[in-house]
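# A structural walkthrough
Next come the chains, spelled out residue by residue.
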Amino acid sequence: MAKNLTKRIRDLENTALMLYYVGFLRFFFFFYALMSFVFWFLNCFEVDWLYHFNSLFIIPYKFVKLFYNVEGVAVDFSLAIIGGISLALGFFVDFIVNNVNARLEEKQELLERKLQQRKLEKKKIMAQKAAAAAKAGSEATEYSSFEESKLIFIVQPHIKKIKRKESDLELTFQEVELWKQRINKRLIENLNYSNPIQKGYYRKNLFLIYKDFNYVDDFVYYIKPTTDSITLEFKKYGISIYYNYVLSSLSNSGNLEKELDCMDTILSLNFKNEYVVTNRFKITYDYYKQNQRYELKLKGEYNLSKNLSVTNRQALYSLEEKEKIGDENGNENENNKNGA
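Residues numbered from 1 in each chain as written. Predicted model: local features only at pLDDT ≥ 70, side-chain atom pairs only at ≥ 80, totals over all residues. Heavy atoms only, no water.

### Observations concerning the pattern of salt bridges
Put simply, the test is: One side-chain nitrogen of Lys or Arg within 4 Å of one carboxyl oxygen of Asp or Glu is enough to make a salt bridge. Under the scheme used here, helices are H or I runs from DSSP no shorter than 4 residues and strands are E runs no shorter than 2 residues, and both carry numbers assigned from the N terminus. Only protein chains enter the calculation, and the probe is 1.4 Å; a residue is then buried if its accessible area is under 20% of its type maximum, exposed if over 50%, and partly exposed in between.
Within the structure shown, the criterion is met by eleven salt bridges. Two residues, Glu189 and Arg186, come together in a salt bridge whose shortest N-O distance is 2.8 Å. Here Glu189 and its partner Arg186 are both found in helix α6 (residues 173-191), three residues apart, which amounts to about one turn of the helix. The class for Glu189 is partly exposed, based on a relative accessible area of 43%. Using a relative accessible area of 24% as the deciding quantity, one classes Arg186 as partly exposed. Glu233 serves as the salt-bridge partner of Arg186, at 3.0 Å between the closest nitrogen and oxygen. Taken together, the residues Arg186 in helix α6 and Glu233 in helix α7 (residues 216-235) connect sequence positions 47 residues apart.

### Points about the environment of Phe29
Filter applied, for reference: Contacts were defined at the residue level, with two residues in contact if any of their heavy atoms lie within 4.5 Å.
By secondary structure assignment, the location of Phe29 is in helix α2 (residues 24-44). Here Phe29 falls in the buried class, since its relative accessible area comes to 17%. Expressed as a C-alpha distance, the spacing of Phe29 and Gly84, which sit 55 residues apart in the sequence, is 10.0 Å. In this view, Phe29 contacts Ser86, Leu87, Leu89, Gly90 and Val93; residues no more than four positions away in its chain are not counted.

### Section: the nonpolar core
For clarity, the cut-off: Among buried residues, those of type Ala, Val, Leu, Ile, Met, Phe, Trp, Tyr and Cys that are joined through side-chain atoms within 4.5 Å constitute a nonpolar core.
Among the nonpolar cores identified, the biggest contains 37 residues, and Leu151, Phe153, Ile183, Phe219, Leu247, Phe281 and Leu319 are the most heavily contacted of them. Once residues within four sequence positions are removed from consideration, Leu247 is found in contact with Leu151, Ile152, Phe153, Phe219, Val220, Met263, Tyr275, Val276, Val277, Thr278 and Phe281. Formed by 16 residues, the second largest nonpolar core is a distinct cluster that contains Ile154, Tyr202, Met263 and Val276.

### A short note on α7
One full turn of an α-helix is made of 3.6 residues, so residues set three or four places apart face in the same direction. Just so we agree on the cut-off: Multiplying one less than the number of residues by 1.5 Å gives the expected span of a helix. What the bend at a residue measures is the angle between two axes, fitted to the seven residues ending there and to the seven starting there.
Helix length check: α7, at 20 residues, gives a terminal C-alpha distance of 28 Å against a target of 28 Å (1.5 Å per residue), a fit within 8%. A bend of about 25 degrees at Ile223 is the largest found in α7, and the proline Pro225 appears one to four places after it. What α7 keeps buried is the set Val216, Asp217, Asp218, Phe219, Val220, Tyr222, Ile223, Thr226, Thr227, Ile230 and Phe234.

### Here's the deal with a nonpolar patch on the surface
Formally: Only residues above 30% relative accessible area that lack a salt bridge enter a patch, with like-charged residues linked at up to 9 Å and the nonpolar side chains Val, Leu, Ile, Met, Phe, Trp and Tyr linked at up to 5 Å. For every accessible area listed, the method is Shrake-Rupley and the probe measures 1.4 Å; residues are considered covered only by the protein chains on display.
Residues Leu17, Tyr20, Tyr21, Phe24 and Phe27 make up a contiguous nonpolar surface patch of roughly 580 Å² in combined accessible area. Elements represented by at least two residues in the nonpolar patch include exactly α1 (2-22) and α2. If one sorts the elements of the nonpolar patch by residue count, α1 sits on top with three residues. The exposure class assigned to Tyr21 is exposed, which follows from its relative accessible area of 52%.

### Describing the sheet that holds strand β1 (residues 150-161)
As a reminder, the rule being used: Strands are labelled as partners when DSSP assigns at least two bridges between them. To obtain each axis, a line is fitted to C-alpha atoms, and for helices this fit is confined to the stretch in contact; angles are then taken between N-to-C directions over 0 to 180 degrees.
Within the open sheet, the seven strands sit side by side as β2-β3-β1-β4-β5-β7-β6. Their pairing is mixed. Each having just a single partner strand, β2 (198-202) and β6 (294-303) make up the two edges of the open sheet. Averaged over all adjacent pairs, the angle separating strand axes in this sheet is 25 degrees, with direction ignored. Here β6 pairs with strand β7 (residues 313-321) via nine bridges, running antiparallel. By the bridge assignment, Glu295 is partnered in β7 with Glu320. The strands touched by α6 within the sheet are β1, β2, β3 (205-210) and β4 (239-250), with β1 carrying the most contacts at an inclination of about 140 degrees. The sheet strands contacting helix α8 (residues 256-267) are β1, β2, β3, β4, β5 (275-278) and β7, and the helix crosses β4 at an angle near 140 degrees.

### Description of the packing of aromatic side chains
Heads up, the condition is: Each aromatic pair joins two rings of Phe, Tyr and Trp (for Trp, the six-membered one) with centres within 6.5 Å, and gets the label stacked for planes under 30 degrees apart, edge-to-face for over 60, and tilted for any other angle. Any Lys NZ or Arg CZ found within 6 Å of a ring centre and within 35 degrees of that ring's normal is scored as a charge over the ring.
Counting across every chain of the model gives 16 aromatic pairs. Note on Phe30 and Phe91: the rings are 5.2 Å apart at their centroids and 65 degrees apart in plane angle, and the pair reads as edge-to-face. Of the two residues, Phe30 sits in helix α2 while Phe91 sits in helix α4 (residues 78-135), which places them 61 residues apart along the sequence. Classification of Phe30 as partly exposed rests on a relative accessible area of 26%. A centroid spacing of 5.2 Å and a plane angle of 45 degrees characterise the contact between Tyr210 and Tyr215, whose relative ring orientation is tilted. Tyr215 sits in the buried class, given a relative accessible area of 18%. Every member of this aromatic cluster is reached through a ring pair, and the members are Phe153, Tyr210, Tyr215, Phe219, Tyr243, Tyr245 and Tyr275. Sitting above the plane of the Tyr237 ring, Arg182 keeps its charged end 5.3 Å from the centroid. Its guanidinium or amino end placed over the ring of Tyr242, Lys272 lies 4.8 Å from that ring's centre, counting from NZ or CZ.

### Some points on a negative patch on the surface
Defined as follows: The charge count includes Lys and Arg as positive and Asp and Glu as negative, but it does not include His or the ends of the chains. Note on charges: their place is set at NZ of Lys, CZ of Arg, CG of Asp or CD of Glu.
There is a patch of like negative charges on the surface, built from Glu13, Glu105, Glu106, Glu109 and Glu112. Per-element accounting of the negative patch gives the leading share, four residues, to α4.

### Some remarks on the environment of Gly84
On the secondary structure map, Gly84 appears in helix α4. Given the relative accessible area of 32%, Gly84 is considered partly exposed. Considered as a pair, Gly84 and Phe30 are 54 residues apart in the sequence and their alpha carbons are 9.7 Å apart.

### A look at the pairing of β3
Burial of β3 is extensive: six of the six residues sit out of reach of the surface. Residues Asn205, Phe207 and Ile209 of β3 are buried on one face, and the alternating residues Leu206, Leu208 and Tyr210, pointing to the opposite face, are buried as well. The pairing of β1 with β3 spans five bridges and is classified as antiparallel. Across the sheet, the residue bridging to Val155 is Leu206, located in β3. With five bridges joining them, β2 and β3 adopt antiparallel strand pairing. Residue pairing in the sheet places Gln198 in a bridge with Ile209 of β3. Connecting β2 to the next strand, β3, in antiparallel fashion are two residues, including Arg203 with a positive phi near 50 degrees.

Set out below in structure tokens:
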């Protein structure tokens, strides 16, 4: 529900932004009305150089002539009529923009109040969990550390040239790096809306950090269409892209560089277009989520030590939508039935 409210608020903000640009029409009409009245006043004194500006008024002038006959009239009021119509249109647009904007603000305030209420309810549930953990003894301290966890995301795009014909050459290392820079730039532009508290590069791979780990469901929900649109955009340039994603969590006392180093090692395992998460992420996610949108599917245990003489086996998981997994299982079961 909180995710739907957030999406509705964002839609209202986008509508308000469109309305803001529409509002510039009123200033155009007001300016055009001013010009019309000034030129009409000058025309009454038969100023010679006014004919240079005839092109500015020729279309409105033809429209006015449909219902206003200037023949036999001592003073031509056509420009004054054009000015009056422009002024009326300006006030009409101003009225519409102000009224619609007021309604949008009311709706946004209502949705924000609901969202705030949901957050308070969620905090209340979390507080109840914390109280229960306190009764259990040492679990209370562990829970509070998870409550303050941050979300870390790192992405590595892989670039390949789409060969139109056999004679096409592969991309050079320099060309690959240039394309990666362009893709990372587009990723940052598209993900700025999510307001990360920190972003940067670790060994040339883009990472983002979010203050509240609980943002994970909304973030994963929007990251796929974001990367899909970038993939489609660069396909026009003959570039094929796939991504490696890793997500983890970090407490306030955690070592960021150490965690990023571990995530960088996971990237090197090259799980194409999968949302791979660490065991630390799984523990935090299990604490946070009551009705989990995603399911963590065990991929196996991997040695994540960069020192070959040291074995550091850790469990890794794939983050997938529950519905998706259910459909896949359902299809597999159906196939097994047919096969039997």
